[in-house]
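# Understanding the architecture of this molecule
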Amino acid sequence: MGEKPKLKVTLLTGRTIEQGVGKELGKATKEYAESVSICYMDPEDMKKLGVKDGTNIQVSTAFGSVVVKAKKSLRAPHPSVIYIPYGPWANAIVNPETHGIGMPSFKGVPATVEPAPDKPVLGLEELLKQQFRKG
Amino acid sequence: MQVVKAVTCPVCGSLCDDIELTVENGQIVKVKNGCAMCEAKFLGHRGEHRILKPLIRKNGELVETTLEEAVKRAAEILAGANYPVLYGWSSTSCEATSVGIELAEEVGGVIDNTAVVCHGPSLLSVQDVGISSCTLGQIRHRADLIIYWGCDPWSAHPRHIERYTAFSEGRFEKSAWRNYVAKIKALVGRKKIQSTVKRLVLKKPPEIKARLEPTFIPSIMKEGRKLIVIDVRRTKTAEMADFFVQVEPNKDYELLQAFRALIRDQELEVDSVAGVPVQYLEEVADAMVNCDFGALFFGLGLTMSGAKLRNIDAALSLVRDLNMRTKFIIMPMRGHFNVTGANTVFTWQTGYPYAVDFSLGYPRYNPGETSVVDVLLRGESDAALIVASDPVSNFPRKAAEHLVKNPLIYIGPHMDVTAQVADVVIPSALVGVEASGTAYRMDHVPIPLKKVVDPPKGVLPDEEILTRILAEVRKIKSEKAEAA
């Protein structure tokens, strides 16, 4: 069996208008979960990984790993840069270290991406249970 | 049916104050002038995810309780803690924040606002370097060069460009909106030609492809207002820009310093900086120097990546250098509607804008030590009060983990992620919708927020809830003192 394809990337997080609308509608809504449990990728990178729009992928950093849905980026080209909107999914894997100034590294975190079509994207409640055993 | 005009939108730091709401039977049914987020907030004020009754965690489950019981439990937790964290404040009124600081002093805790994970580094840099600033009105009327660096207002501050910068109709500067429409039409036309050619010629001969490539005309040389976007991705805002510079992730610092060299007429002895050809940079530097009034807006693309506060140092210094040649200002794009107000009220009452520690009885400020994420990462806090914010959702997992381990009190209108894992949940009225108050716009202009509709029955504003908790804490402490 061949090695599973893996891609070394830089992870960015931030706002999207969908995330903005989702958070105002309520964090427990489907709209919110759908707007932040996704990962925008460069179409060329998706080809390299062999994933399609909507395929589940696993994004891992030195601080954790999370399964999200791959989405074709409308903002391409940005090779080797992936974008996950702010939220519990992104924050499961960003760098908490504040380097002495109080600000964690939410952007520019080295990460690897691999296809994970068999692993589910957790819902908010399951994610909270898995992370904090509460909720 | 009643129409309320000139309502201020309590979503982002732009605080658009021209919203028109139609109210029917105590509910907002129509929003005029607002962006998508504004509509979602006003129309969703009675959504299914509102919390209507106070909740307390019993045997692992959140169960309904009375307001008195919830306030009492919250006060007990705070009064009994050695080092509680009081966090949030950026999505509530200045008046509520003021009571919150009093409470923090009373319980000897650390009080911090969301600036710590957004423009905290900017505040540190402003303290070091200083800032050249003005109001958004000045920019609207006079700025002929707008730069957005590491921010995407189209997504985070949707009406910023239209109300205050490139697409606003100022007294001395005209809106660049028509140019943008012309550009979009040209793009659509080109795409149509491309698809027609594709249909007619299945295997595209290379010479046709070459002819179809857009010829690069730097529109940076155009007359009138110019919009430049510098970002790691081609954001929606970048698509609107006259000139887009795509910088490599974590390389903003190099680019800023390259600009500083260029506007001092120094030659760069490299071909490219941060992945951008020097030729492009020279054009942007020329535009910066040759404008009459430039405005640089920067976002979390600078504060959260790579050099963090050193990025802001460089940006502030760049603007300082530019002021030797022309008029230039710089402004952070503030996210929550009252994060600027939280910083201001904190500074009035404690001397510091965020990350204030009262554990020694007087305010101490040392971001990196007294900032909430660091306190949580070191596992030092033993209770937490969260007001109008959702740190369990917005903090890195490792920091949120300790927060969830603490007895956690949540005051807010929605069943947020933090509310779902909290031990005491007290619902509050939405400031700017169901409660009045004051908020500070991103340019430090205070703007009153209106009460448009009544809150759900029994739901109080943050200020009132905090006042009650503070009174209860004082009662518990005096009883303890008497007993001792």
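Residues numbered from 1 in each chain as written. Chains lettered and ligands numbered in written order. Predicted model: local features only at pLDDT ≥ 70, side-chain atom pairs only at ≥ 80, totals over all residues. Heavy atoms only, no water.

This next bit is on the overall build of chain B. Scanning chain B from N- to C-terminus turns up 20 helices and 21 strands. Taken against the 2.2 N^0.38 rule, which gives 23 Å for 484 residues, the C-alpha radius of gyration of chain B at 25 Å falls within 12% of a compact globule. Dimensions of chain B along its principal axes, counting C-alpha atoms only, are 90 × 55 × 50 Å. For chain B, with 484 residues in total, the buried portion stands at 59%. Just so you have it, chain B exposes about 19800 Å², and 50% of that area is on carbon and sulfur atoms. For chain B, the distance from the average position of its 58 positive side-chain charges to the average position of its 59 negative side-chain charges is 7 Å. (Helix = DSSP H or I, 4+ residues; strand = E, 2+ residues; numbered from the N terminus. Rg over C-alpha atoms; globule rule 2.2 N^0.38 Å. Buried < 20%, exposed > 50% of the residue type's maximum accessible area, 1.4 Å probe, protein only. Areas by Shrake-Rupley, 256 points an atom, 1.4 Å probe, with all protein chains shown as cover. Lys, Arg positive; Asp, Glu negative; His and termini not counted. Charge placed at Lys NZ, Arg CZ, Asp CG, Glu CD.)

Time to look at the packing of aromatic side chains. Using the criterion set out here, one finds 12 aromatic pairs over all chains in the structure. Ring geometry for Phe243(B) and Tyr280(B): centres 5.8 Å apart, planes at 65°, overall edge-to-face. Residue Phe243(B) is located in strand β10 (residues 243-246), and its partner Tyr280(B) is located in helix α12 (residues 278-290); the two are separated by 37 residues in the primary sequence. Among the residues examined, Tyr280(B) registers a relative accessible area of 27% and is labelled partly exposed. Among the aromatic side chains, those forming a connected cluster through ring pairs are Phe167(B), Trp177(B) and Tyr180(B). Its guanidinium or amino end placed over the ring of Tyr83(A), Arg233(B) lies 3.7 Å from that ring's centre, counting from NZ or CZ. Over the ring of Trp154(B) we find Lys236(B), and its NZ or CZ is 5.5 Å from the ring centre. (Phe/Tyr/Trp six-rings, centres within 6.5 Å; stacked < 30°, edge-to-face > 60°. Lys NZ or Arg CZ within 6 Å of the ring centre and 35° of its normal.)

Let us now look at helix α1 (residues 17-25) of chain A. For α1(A), the complete set of buried residues consists of Ile17(A), Gln19(A), Gly20(A), Gly22(A), Lys23(A) and Glu24(A). On the buried face of α1(A), the contacting elements are α2 (30-36) and β5 (81-85) of chain A together with α1 (36-43) and α6 (153-156) of chain B. Looking at the residues trailing α1(A), positive phi occurs at Gly26(A), about 135°. (Contact = heavy atoms within 4.5 Å.)

Here we come to the interface of chain B and chain A. Frequently, the measure chosen for interface size is the accessible area removed from exposure when the parts meet. Across the boundary between the two partners, chain B contributes 59 residues, which contact 50 residues of chain A. At the boundary of chain B with chain A, total buried surface from both sides reaches about 4500 Å², with 64% on carbon and sulfur atoms. When the buried surface of chain B facing chain A is broken down by residue, Arg233(B), Met304(B) and Arg397(B) rank first, second and third, together holding 16% of it. A salt bridge links Glu239(B) to Arg75(A); the shortest N-O distance between them is 2.8 Å. At the surface where chain B touches chain A, the tally comes to 14 residue pairs in polar contact (both at pLDDT 80 or more). The element best represented in the side of chain B that touches chain A is helix α18 (residues 397-405) of chain B, accounting for 5 residues. Its residues placed into classes, the side of chain B that touches chain A shows 29 nonpolar, 16 polar and 14 charged. (Buried area = accessible area lost by both parts, 1.4 Å probe. Salt bridge = Lys/Arg side-chain N within 4 Å of Asp/Glu carboxyl O. Polar contact = N/O pair within 3.5 Å; in protein donor to acceptor, adjacent residues only side chain to side chain. Nonpolar A, V, L, I, M, F, W, Y, C, P; charged D, E, K, R; others polar.)

The next thing to look at is the pattern of salt bridges. All names here are of chain B. Applying the stated criterion across every chain yields a total of 30 salt bridges over all chains. The salt bridge involving Arg159 is made with Glu162; its shortest N-O contact spans 3.3 Å. Glu162 gets classed as partly exposed once you look at its relative accessible area, which sits at 41%. Close ionic contact of Arg325 with Asp265 constitutes a salt bridge, the shortest N to O distance being 3.8 Å. Here Arg325, found in the loop between α14 (309-322) and β14 (327-332), pairs with Asp265, found in the loop between α11 (252-263) and β11 (272-273); they are 60 residues apart in sequence, far enough to count as distant. For Asp265, a relative accessible area of 59% puts it in the exposed group. Each of Asp17, Asp18, Arg159, Glu162 and Arg163 takes part in one network of salt bridges that share partners.

A cluster of nonpolar side chains, Ile184(B), Leu187(B) and Val188(B), forms an exposed patch at the surface whose accessible area comes to about 210 Å². Relative to the elements of secondary structure, Val188(B) occurs in helix α8 (residues 177-200). (Patch = residues over 30% accessible without salt bridge, like charges linked within 9 Å, V, L, I, M, F, W, Y side chains within 5 Å.)

What follows concerns a negative patch on the surface. Taken together, the side chains of Glu267(B), Glu269(B), Glu282(B) and Asp286(B) define an acidic patch exposed on the protein surface. Note that Asp286(B) resides in helix α12.

Mapped onto the elements of the fold, Tyr180(B) is located in helix α8. Those residues in contact with Tyr180(B), other than ones at most four positions away along the chain, are Phe167(B), Glu239(B) and Met240(B).

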